[in-house]
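So the chains spell out like this:
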Amino acid sequence: MGEAAMAQLKDADFFVTLDPESNSIAILVKHLAGNMRSRFTDFLTTDGQKPDRFRDQEFEVTASTTRADVMQWWERGWGRVFAAIKALKPEDVMRTVAIRGEPHTVLQTINRQIAHYAQHIRQIVFLAKHLRSSEWKTRSIPRGKSEEYKIAPPKSDRGVPWESERLSACYEIAGK
């Protein structure tokens, strides 16, 4: 959903903030990528809060930051997440890992991260929808079209290729 939302944006839209206390889409992506790098680098063997992570810097972008930079952060972040998950074995799920010295099972950690990422991706979608306004192309049932959706034949291709590839790694770990 985040990628589909960002695909609808103009380059300048990535850097819009609604007020001084808000984050732009670029900042949200930079933060997600920083969190993903910290949590999923050496996932099973080091604390998820890496000493070389400077979280406050994730909430800063410069005038030279581009859309391409933002999308590179996005790809690198998700690449780390899915590489770490794909490397897991079923017996790893109940292993203990740490985040800021606090013990979590691998399963708890993944659930924690999914919730965190979903929160920020929803912010990205909200901002993109706000910025595109009447030009927004919904990823769900369009307003006023619910009844048509009920009688439409089901869509067999609900995901985009990268989603299928990445989700299959998660299913492999879950043994499904």
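One structure accompanies this document, and this report is about it. (Residues numbered from 1 in each chain as written. Predicted model: local features only at pLDDT ≥ 70, side-chain atom pairs only at ≥ 80, totals over all residues. Heavy atoms only, no water.)

1. Thoughts on unusual backbone geometry
- Residue Asp42 is not a glycine yet carries a positive backbone phi of 50 degrees.
- Assessed through its relative accessible area of 47%, Asp42 is described here as partly exposed.
- The residue Arg100 is not glycine, and still its phi comes out positive at about 55 degrees.
- Within the element layout of this structure, Arg100 appears in the loop between β1 (96–99) and β2 (102–105). (Buried < 20%, exposed > 50% of the residue type's maximum accessible area, 1.4 Å probe, protein only. Helix = DSSP H or I, 4+ residues; strand = E, 2+ residues; numbered from the N terminus.)

2. A closer look at the packing of helix α2 (residues 25–40) against helix α4 (residues 106–132)
- Look at α2 against α4: their axes get within 10 Å of each other, and the N-to-C directions meet at 165 degrees. In terms of orientation, α2 lies roughly antiparallel with respect to α4. Where α2 crosses over α4, the two elements pack in a sense that is left-handed. In this structure, α2 contributes Ile25, Leu28, Val29, His31, Leu32, Asn35, Met36, Arg39 and Phe40 to the contact, and α4 contributes Arg112, Gln113, His116, Tyr117, His120, Ile121, Gln123, Ile124, Leu127 and Ala128. (Axes fitted to C-alpha atoms, helices over the stretch in contact; angles between N-to-C directions. Parallel < 35°, antiparallel > 145°, perpendicular 65-115°, else oblique. Left-handed = near helix turned anticlockwise from the far one by under 90°. Contact = heavy atoms within 4.5 Å.)

3. A few points about the pairing of β1
- Residues of β1 alternate between two faces, with Val97 and Ile99 buried on one and Thr96 and Ala98 left unburied on the opposite face.
- Bridge count for β1 against β2 is 4 bridges, and the pairing is antiparallel. Pairing of Ile99 across the sheet is with Glu102, part of β2.
- As consecutive antiparallel partners, β1 and β2 are separated by 2 residues, and within that stretch Arg100 has a phi angle of approximately 55 degrees, a positive value. (Pairing = 2+ DSSP bridges.)

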